[in-house]
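One-letter residues, chain by chain:
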Amino acid sequence: MLVESVLRYLERGIKTVCESLELPCVILRPNAIEDVGGASPVFAVDARELQTRRDTERSAITSCVGTIVVLSDADSGLELVDALLQALADLFAPDASRSLIPSGVITEPLFPNGVRRLRIYPSRLRRGNDVIENGRYRTTLLIDLEIEEEMIYVGNE
């Protein structure tokens, strides 16, 4: 459930960047087998290395690494990948993220009488090496995330 929320958070950031740059937005989930054909750019998202540092009955603090892989065909070139990565880095920058991505706060219903609230904050960004694979440029953006999870119950407990 937590991984799903992190993936949605990363996807919302990617969609924000694609809309601002007026680019198509093809996003692949982990273990997705999809034929993207000649689509460019293509993004792949993942969440790894989840570690819960504090866990109580009603709250938890977890850290993880969110990854965004950007793939672009050779015709679009490295300039497109660089522009996309810079826009993503600006969006997920630890000092700017709280104002730029409103999806950093996610509220989900809990059965039977409560909600689960997640606050997702980037704490560090790292860029992987550029690689050319099968005629496509490939670069990875690694985003260290801090996740505050809170269970809020309403009514009878």
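Residues numbered from 1 in each chain as written. Predicted model: local features only at pLDDT ≥ 70, side-chain atom pairs only at ≥ 80, totals over all residues. Heavy atoms only, no water.

Undergrad: So what's going on with the overall build of the chain? Which residues, and what values?
TA: The number of helices and strands found in the chain is 3 helices and 7 strands. In sequence order, the chain lays out its α and β elements as α-β-β-β-α-α-β-β-β-β. Long-range pairs, those at least 24 residues apart, make up 63% of the contacts in the chain with a sequence separation of at least 6. Working note: accessible area of the chain is about 8,700 Å², and carbon and sulfur atoms make up 49% of it. (Helix = DSSP H or I, 4+ residues; strand = E, 2+ residues; numbered from the N terminus. Contact = heavy atoms within 4.5 Å. Areas by Shrake-Rupley, 256 points an atom, 1.4 Å probe, with all protein chains shown as cover.)

Undergrad: Kindly report on helix 1 (residues 2-21), identifying the contributing residues and their values.
TA: The α-helix advances 3.6 residues per turn, and as a result positions three or four apart in sequence lie on the same side. The terminal C-alpha atoms of helix 1, which comprises 20 residues, lie 29 Å apart, in line with the 28 Å expected from a rise of 1.5 Å per residue. Listed in full, the buried residues belonging to helix 1 are Leu2, Ser5, Val6, Leu7, Tyr9, Leu10, Glu11, Gly13, Ile14, Val17 and Cys18. One or two residues past the end of helix 1 sits glutamate 22, with phi positive at roughly 55°. (Expected span 1.5 Å × (residues − 1). Buried < 20%, exposed > 50% of the residue type's maximum accessible area, 1.4 Å probe, protein only.)

Undergrad: Mind laying out the nonpolar core, listing which residues take part and the relevant values?
TA: Membership of the largest hydrophobic core comes to 30 residues, with the highest contact counts inside it found for Leu10, Ile14, Phe43, Ile68, Val70, Leu88 and Phe92. Contributions of two or more residues to this core are made by helix 1, strand 2 (42-55), strand 3 (59-73), helix 2 (77-91), strand 5 (114-127) and strand 7 (136-153). With 8 residues, helix 1 is the single largest residue contributor to this core. Leaving out residues up to four positions away in the same chain, isoleucine 68 has contacts with Leu10, Ile14, Phe43, Ala44, Val45, Leu88, Phe92, Thr139, Thr140, Leu141 and Ile143. (Core = buried A, V, L, I, M, F, W, Y, C linked by side-chain atoms within 4.5 Å.)

Undergrad: Summarise the pattern of salt bridges; cite the residues concerned and give the values.
TA: Two side chains carrying opposite charge are able to pair once their charged atoms lie near each other. Per the counting criterion, the structure on display carries 11 salt bridges. Salt-bridge contacts for aspartate 82 lead to arginine 127; the nearest nitrogen and oxygen are separated by 2.7 Å. Within this pair, whereas aspartate 82 is found in helix 2, its partner arginine 127 is found in strand 5, the two being separated by 45 residues in sequence. Assessed through its relative accessible area of 41%, arginine 127 is described here as partly exposed. (Salt bridge = Lys/Arg side-chain N within 4 Å of Asp/Glu carboxyl O.)

Undergrad: Help me get a handle on the layout of surface pockets, residues and values and all.
TA: As a volume, the largest pocket reaches approximately 270 Å³. For the largest pocket, the lining is made up of 17 residues, of which Asp46, Arg48, Thr67, Val69 and Arg138 are closest to its centre. Mapped onto the lining of the largest pocket, the elements with two or more residues apiece are strand 2, strand 3 and strand 7. The residue makeup of the lining of the largest pocket, split by class, is 8 nonpolar, 3 polar and 6 charged. (1 Å grid on protein atoms, 1.4 Å probe; cavity = no way out; pocket = protein on both sides within 12 Å on 5 of 7 lines; lining within 4 Å. Points joined across faces, edges and corners; volume = space filled by probe spheres on them. Nonpolar A, V, L, I, M, F, W, Y, C, P; charged D, E, K, R; others polar.)

Undergrad: Describe the packing of aromatic side chains, with residues and values.
TA: A complete count under the given rule lists 1 aromatic pair for this structure. Note on tyrosine 9 and phenylalanine 92: the rings are 5.6 Å apart at their centroids and 70° apart in plane angle, and the pair reads as edge-to-face. Of this pair, tyrosine 9 sits in helix 1 while phenylalanine 92 is found in the loop between helix 2 and helix 3 (97-100), placing the two residues 83 residues apart along the sequence. (Phe/Tyr/Trp six-rings, centres within 6.5 Å; stacked < 30°, edge-to-face > 60°.)

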